[in-house]
Every structure is written in structure tokens, then in C-alpha cells.
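# Chains, contacts and geometry: an overview
One letter stands for each residue in the lines below.
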Amino acid sequence: MAETLTIGKALNLGLRRAMEDDAKVVLMGEDIGRLGGVFRITDGLQKDFGEDRVVDTPLAEAGILGTAVGLAMRGYRPVCEIQFDGFVFPAYNQIVTQVAKIHARSRGRLPMPVVIRIPFGGGIGAVEHHSESPEAYFAHTPGLKVVAVSNPVDAYWGIQQAIAHPDPVVFLEPKRRYWDKGEVDTGATPEALFASRVVRAGDDVTVLAYGPMVKTALQAAEAAAEEGRSLEVVDLRTISPLDLDPVVDSVRRTGRCVVVHEAPVTLGLGAEIAARVTEHCFHSLEAPVLRVGGYDTPYPPSKLEEEYLPDLDRVLDAVDRAMEF
Amino acid sequence: MTTEVVDPVPGAGAPHLPRQTGLVQLLTPEGERVQHPDYAIDVTAEELRDLYRDLVLVRRWDVEATALQRQGELGIWASLLGQEAAQIGAGRALRPDDTAFPTYREHGVAWTRGVDPLHVISLFRGVDNGGWDPVATGFNLYTVVIGAQCLHATGYAMGLQRDGAESAALAFLGDGATSQGEVNEAMIWAASFSAPVVFFCQNNQYAISVPLERQTRIPLYQRAAGFGFPGVRVDGNDVLAVLAVTRAALAAAREGQGPTFIEAFTYRMGAHTTSDDPTRYRLASELEEWKLRDPIARVKAYLSRTGTADADFFADVEAQADELAVRIRRGTTEMADPPGRAMFDRVYAEQTPHLAAQQAQFEAYQAGFEGGGH
């Protein structure tokens, strides 16, 4: 059955369905109960599932993740909400030294099916620590899987798949796109969680994006088309493991590649992608793999974020540079 | 009789910390049985002899492992010397359905859970990350990051509570760990959810080289009051008192009365690990003072004085210790290195294509050496 949903509502429905499907699913976080979360993603869930399934926790992120570890050891599937990206760092220790490693350390005896939901990225005019892009920290940690959704369909299915998945998943939600709408067929067969997807076909340049930047990349492709330039846009969807097969296929055809993300460029995901694309497409490349991202500065005050965040013009500028080689 | 109670002067600061405030003791350093109004315990002669055997065997294990490290067979060893009573007392208070969440020094607790000493040693030899089954033994893997396991124990206890299981979690920590934010978060969670968890702090007086006074200006057990649950200080060198206090706390937790914080007041007789040098940070006189409170000597004195054990028993325990030492030595030196491919196994429950490719690459590379005559 098809419904028009925002990303936020799609997540809400996905969480609801996951909780109905599995009584071991427990949501944990700050303000997720009565308030329904600061973005209302858990709206109404405590009312329907009770305070034991939707737990308003004390205000301490390490506590949320550390107790989730214990619950997972006991057979539960905790879904932790981190209120904003910049607040994940107090929990960082538990995520990278414990959640990521316990499965390997216990040689598989202790499963760790923990989902860490993080509203990430900028563009909503927030104060500091509310607009970060921490994906590289997590993608660099073996034992974690990281996904970033960009649309209501992936939000609806992705959250359910992440919860059902046996490994810990850092689930990045593009907060500035929470209110973007799309049609979701709740009876469809979903795509695999750890797979990237070509979302617009083209011949001249392959543009890679994930999360909030997919929309920006599509806008750039639209604008480029008016100038007679054909961009192929790939939504990575998964950051760890990276699914580069569709990317490699695409770049071998187009010969050019631009990676777009909000995070600072240095040592960001674009660096990894550039290395791998170079390794696999060296003989097809007409230009170096170019990166468009945030500057290597702390996330700026909100009056400057339009300058900081990649927009379609900066993507098009990179496309021009790629074409000039 | 119990040791004199001296309450701290509020705000008095570090140097005047009372050393033995409110200590629960059931067996004095001289080996005399004493009573405590809150912690009566009935133990049979056989149970007492078993506790003695445990203490002697884990000390021998520890001494042997320290020697193996000195001889280059182990990368490092975290000695429990001096803390045997705290660990055996706490471990023997657990029921089979309870779960312990250790740091990296709870070899004595591992012993009480039936974990093979060689599985613990394999961790320090660098063969694996702990070879025992944490689910089957109810003894979780060691946790090296200080205090992280206190949250795991609390979350696990919340799970027990949801399942209606009448069991408890026992979290181990040291005095230094009480400074960690995560330990404090664990106590807040435990209190807030009335989780069936007991925090068992072995106050061995030093966090590597830093003395207790740098962690706290009040006795550690008094901190529990700030979280809203009971704190008890027990003589950590008195196996009977530790057993009684931990048993009571675990029973309360199982009955839904929520957490307890136990401070086992003890002393690490050895180094933090074989890598440090305690003569740099503490005085020989302090060590001598603590030797008089040895956890094994007092049980032996009691068993001898009361005729609960005879010379044959003590000789038999010594013989068992010798056998254990031989088994540990032989098992350690014969321990095989793990296959290289093991590092790729079980990073994930569901292997990723990228890691599978790296593993294949690794194996092909290794096979090249084997086939290539290197």
C-alpha cells in the first residue's frame, strides 16, 4: 500500500513496525517517550508500547549505549536515539571500544544487535554541536556498520532492516530532510540495506552522495541537464560496508567522479572513495576523483552554514573542473 | 568486634582519610571469628576448607603466571596477590544463574565460575581475547577500558528484570574506576531503574601508581548514599565477611530491592601489572603492614586453631596447588598460536564483502609464503 510520507514519519512507522514484529526491540534515549523525541521520530510509540519498550533514559549518552550493550547480551535489540550528532561523543567510548568489538572478542558468543540512531548534518540553523557529520569516525571502526538514508522509502525500510540486522548499525538520519516527502509502498519488497543505488542515469560525470547531499546532487544534475551535461547520481546509502560496485561500473563509463558530503574533506569518506575508485578505475579515469565537502573548520555559526555546506553550485563547479581535464 | 568506626570530618580533605571506617569483619587477621549484627553467616567446616583451598589455588595460579611473564611466556600479567579473599568471597556468593562482569584482574572470580585458568592466561599470552564462554560460565569477558563493564552489568540487570529472572549481575571495579563518568552513569541507571546489580569495588588503594586520596575525599562506600542505595565497606581480606556481604547484596537485588555498592577494603600486594614498579610509589612499611592482614593466613590460623583442618588437609591443598602450577606451566608453554585468518572471523555476525575480500587476499599472501619456500 502506497502512502505519501515524510522521512520523519517513515522512520516513525518503521520503528513501530519493528516493535510489532519483535518484542525484544527496545527504544532508548533522551526525551523519546512523552515528547516523542526532539524531532518527534518516536511520536506516540511510548503511548502504544509502554514505558518498558520506549525508555526515557537519564541524560547521559554513555549510559544509553553502555546499558544497551548489557541488554543486547541479554537478548534484547536496543535502538538508541542520540538526540543530536554532536552529543554522540560522550558515548563514543562505548560505541568504539565495546559495541564494535564485543562480537569479535567473544568469538560470536555475545551478539550485539544495537542500532544507534543519529540525526546528522547541518542546514537547520541550529547552535553549535547540533550539525555535525561524524560518519567517518564510525566507518573507520571495524565491527560497526554505518548507513545514511536520503529518502522516505529507505527510511521506512532501512530502520527496520537495521534493527533486524545481527550487527551494530550506526543509522544516520539527515535531519534537514526529515520533512521531505515521498511515496512509500509499505507492501513492497525492500532493497538490501547495504547496497548503493544509481538514482539518476547519466554519461558525463558520476556524482556520489549520501544522506542529505543526495537531494543536492540531484538538484545539480537537474541544473546540469539544462546546460546539456549529463550527470549520473549514485546514492551510496551504505557507508560501511561501502558498496562500490555500482560506482565502479558507472565511473568506468563516465570516466569522471565527484564525491559530495557535508563532513570536512580531509580524511572524510571522499578520501576513501577517491582511493578505491582510483584503484579500480585507473585506466578509465579522464580526471582525478574530486571531492566537494565541508571545509576543515569546526561547523560554523548558522549564519555561515550556507557558505559551509556544499550546494548545487559547488557540485557543478566540481563537475566543470572534472570536465576540464 | 569490629574495627573502630571513625567518621570523616566533612571537608577535612585528602590526607586524613580514615582507613577502615565501618568495616564489616567476620574473621580477624589473627584468625578469630567475630560476629557482625547485620551479616551473620553459617558456614560448615567443609565450606570453610573449600574457601581455603580456593584461596591457596588462585594464589598459586597467580604466582605461576607472574613467573611465566618474567620468563617471557606472557606479554603481561595483572596480579591478584593480596586480593584473593575479595575475589573468592564475591565469586562464591554468586549463584549459577547470576552473571559477573569483571575487569581484567578477577582471576579468582573466574576460578569460582569454573573458567579454566589457561583460558584466562591465553588472553595475557596474546592468543585470544579470552577463551572462555561468557554465556555458559556466567563470567563475562575481561574489560580493559576502565569502568565500561559497570554499564554492561546494569543493562544486563535491566534485562533480567524485564525477563522476570530472579538473578542478579555483579559488576567488578577498582577504586580508580570510581572516578570514571561511566561508573557514575551506571550507578544512576541502576538506581533509577532499581536494577538487580551489585557494584563490587575492590579498593586496593592504588590506581596503578595513584593513591586513593587522588580519587576521593570520602570513603568510597559512602558515595552510594548520593546515588540513593546502600553502600557497605567490608574487610576485603576476610573471605567470610566478603561472602556474607555479597550474598546479602545479591539476595536483595534478586528480591527487587535494587543495587548495592560494596567496597572491599583490600590491598594489591604486587604491581598493577608486571609492567610497573610499585617501589616508585609506595613504601615498604605499607606493604609490611598489609602482610599482617594476609587473606590466607587468617583462614589457615582459624582452621588450625579450631581443629577444622589438620596437617594432612594442608599438605593435600599444597599438593593440589603444585599440580595446578604444573598444569598451568605446561599448558601455557604448549599453547598454540592462533591461525592468522582468525583475526577476520566474527568481526561481524554477517561478514562484509570487503572484509571477506581482505581475508582472501591475506590467505593468498600467506599461501604464497608457504608454497614459495620462505
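Residues numbered from 1 in each chain as written. Chains lettered and ligands numbered in written order. Predicted model: local features only at pLDDT ≥ 70, side-chain atom pairs only at ≥ 80, totals over all residues. Heavy atoms only, no water.

The secondary structure content of chain B amounts to 13 helices and 8 strands. Taking 374 residues into account, the globule formula puts the C-alpha radius of gyration at 21 Å, and chain B, at 22 Å, falls close to it. Taking the principal axes of the C-alpha coordinates as reference, chain B spans close to 75 × 50 × 45 Å. A burial count over chain B gives 55% of its 374 residues as buried. Look at the contacts in chain B between residues 6 or more apart in sequence, and 74% of them connect residues 24 or more apart. Taken as a whole, chain B presents about 15400 Å² of accessible surface, with 52% of it coming from carbon and sulfur. If you average the places of the 32 positive and of the 48 negative side-chain charges in chain B, the two averages end up 3 Å apart. (Helix = DSSP H or I, 4+ residues; strand = E, 2+ residues; numbered from the N terminus. Rg over C-alpha atoms; globule rule 2.2 N^0.38 Å. Buried < 20%, exposed > 50% of the residue type's maximum accessible area, 1.4 Å probe, protein only. Contact = heavy atoms within 4.5 Å. Areas by Shrake-Rupley, 256 points an atom, 1.4 Å probe, with all protein chains shown as cover. Lys, Arg positive; Asp, Glu negative; His and termini not counted. Charge placed at Lys NZ, Arg CZ, Asp CG, Glu CD.)

Let us look at the overall build of chain A. Scanning chain A from terminus to terminus reveals 12 helices and 14 strands. Relative to the compact-globule value of 20 Å for 325 residues, chain A shows a C-alpha radius of gyration of 19 Å, a close match. Expressed along its principal axes, the backbone C-alpha trace of chain A runs to roughly 60 × 40 × 40 Å. Going through the 325 residues of chain A one by one, you find that 62% of them count as buried. In chain A, of all internal contacts separated by at least 6 residues, the share reaching a separation of at least 24 is 82%. For chain A, the computed accessible surface area is about 12300 Å², with 51% contributed by carbon and sulfur atoms. Averaging the positions of the 33 positive and the 47 negative side-chain charges in chain A gives two centres separated by 6 Å.

Below, the discussion takes up unusual backbone geometry. The step from A:Ser240 to A:Pro241 runs through a cis peptide bond, and the omega angle for that step is 0°. Examined against the element boundaries, A:Pro241 turns out to sit in the loop between strand E12 (238–240) and helix H9 (245–254). Of note, A:Arg107 is a non-glycine position whose phi angle comes to about 50°, a positive value. Along the chain, A:Arg107 falls in the loop between helix H5 (102–105) and strand E5 (115–120). Given a relative accessible area of 42%, A:Arg107 falls into the partly exposed group. We note that B:Arg346 has phi near 60°; this positive angle belongs to a residue other than glycine.

As a general feature of sheets, a regular strand has side chains that alternate between the two faces. Residue and element names in this part refer to chain A. For strand E13 (residues 257–264), the buried fraction is high: 7 of the 8 residues fall into the buried class. Both strand E10 (residues 205–209) and E13 contribute to a ladder of 3 bridges, which runs parallel. The residue of E13 that forms the bridge with Thr206 is Cys257. Pairing of E13 with strand E14 (residues 290–294) involves 4 bridges; the strand directions are parallel. Note that in E14 the partner of Val259 across the bridge is Arg291. After leaving E13, the chain enters helix H10 (residues 269–281) and then returns to the sheet as E14, a path that is right-handed. (Pairing = 2+ DSSP bridges. Right-handed = clockwise from strand over helix to strand, strands pointing away.)

With that settled, the discussion passes to the sheet that holds strand E7 (residues 169–174) of chain A. Adjacent strands of a sheet pair through backbone hydrogen bonds, lying either parallel or antiparallel. Residue and element names in this part refer to chain A. Taken in spatial order, the 7 strands of this open sheet run E3-E2-E4-E5-E7-E6-E12, and their pairing is mixed. In the strand order of this sheet, the two ends are held by strand E3 (54–56) and E12, each with one partner. Each adjacent strand pair in this sheet contributes to an overall mean axis angle of 20°, direction not counted. Sheet topology places strand E2 (residues 25–29) next to strand E4 (residues 77–81); 5 bridges connect them, and they run parallel. Each bridged residue has a counterpart across the sheet, and for Val26 the counterpart in E4 is Pro78. (Axes fitted to C-alpha atoms, helices over the stretch in contact; angles between N-to-C directions.)

A few words now on the packing of aromatic side chains. Per the stated rule, a full pass over the model turns up 32 aromatic pairs over all chains. Considering the side-chain rings of B:Tyr365 and B:Phe369, the 4.9 Å spacing of their centres and the 85° angle between planes classify their relative orientation as edge-to-face. Note that B:Tyr365 and B:Phe369 are positioned in helix H13 (residues 353–372) at a spacing of 4 residues, about one turn of the helix. A residue is classified by how much of its surface remains accessible, and B:Tyr365, at 53% relative accessible area, is exposed. Cluster of aromatic residues (ring-pair linked, three or more members): B:Trp61, B:Trp77, B:Trp111, B:Phe124, B:Trp132, B:Phe139 and B:Tyr142. Between the NZ or CZ atom of B:Arg162 and the centre of the ring of A:Tyr76, over which it lies, the distance is 5.9 Å. (Phe/Tyr/Trp six-rings, centres within 6.5 Å; stacked < 30°, edge-to-face > 60°. Lys NZ or Arg CZ within 6 Å of the ring centre and 35° of its normal.)

Moving on, we come to the pattern of salt bridges. Per the stated rule, a full pass over the model turns up 37 salt bridges over all chains. As a salt-bridge pair, B:Asp345 and B:Arg341 come within 3.6 Å of each other at their nearest N and O atoms. Overall, B:Asp345 belongs to the partly exposed group, its relative accessible area being 30%. The exposure class assigned to B:Arg341 is partly exposed, which follows from its relative accessible area of 38%. Look at the salt bridges and you will find they share partners, linking A:Asp154, A:Glu191, A:Arg197 and A:Arg237 into a network. (Salt bridge = Lys/Arg side-chain N within 4 Å of Asp/Glu carboxyl O.)

This brings us to the interface of chain B and chain A. Counting residues at the interface gives 39 residues for chain B, matched by 45 residues for chain A. Looking at the side of chain B facing chain A, the largest losses of area belong to B:His152, B:Arg162 and B:Trp189, adding up to 19% of the total buried there. On the surface where chain B and chain A come into contact, there are 3 salt bridges. Residue A:Arg109 pairs with B:Asp133 through a salt bridge whose shortest N-O separation is 2.7 Å. At the boundary of chain B with chain A, the tally comes to 23 residue pairs in polar contact (both at pLDDT 80 or more). Secondary structure elements with two or more residues in the side of chain B that touches chain A: helix H5 (134–137), helix H6 (148–163) and helix H7 (181–193) of chain B. Element by element, the count of residues in the side of chain B that touches chain A is highest for H6(B), at 11 residues. (Buried area = accessible area lost by both parts, 1.4 Å probe. Polar contact = N/O pair within 3.5 Å; in protein donor to acceptor, adjacent residues only side chain to side chain.)

Looking now at the packing of helix H2 (residues 84–93) of chain B against helix H9 (residues 239–254) of chain B. Residues and elements named next belong to chain B. Closest axis-to-axis distance for the H2/H9 pair is 8 Å, and the angle between their directions is 35°. The crossing of H2 and H9 is right-handed. Residues Ala85, Ala86, Ile88, Gly89, Ala90, Arg92 and Ala93 of H2 lie in contact with H9, whose contacting residues are Val239, Val242, Leu243, Thr246, Arg247, Leu250 and Arg254. Residues of the contact of H2 with H9, tallied by class, amount to 9 nonpolar, 2 polar and 3 charged. (Left-handed = near helix turned anticlockwise from the far one by under 90°. Nonpolar A, V, L, I, M, F, W, Y, C, P; charged D, E, K, R; others polar.)

Residue and element names in this part refer to chain A. The end-to-end C-alpha distance of helix H8 (residues 213–226) is 20 Å, a good match for the 20 Å that 14 residues give at a rise of 1.5 Å each. Every buried residue belonging to H8 is among Met213, Val214, Thr216, Ala217, Ala220, Ala221, Ala223 and Ala224, and all of these are buried. Close packing links the buried residues of H8 with strand E9 (197–200), E10, strand E11 (231–235), E13 and helix H12 (312–324). Remark: Gly228 follows H8 within two positions and exhibits a positive phi of approximately 80°. (Expected span 1.5 Å × (residues − 1).)

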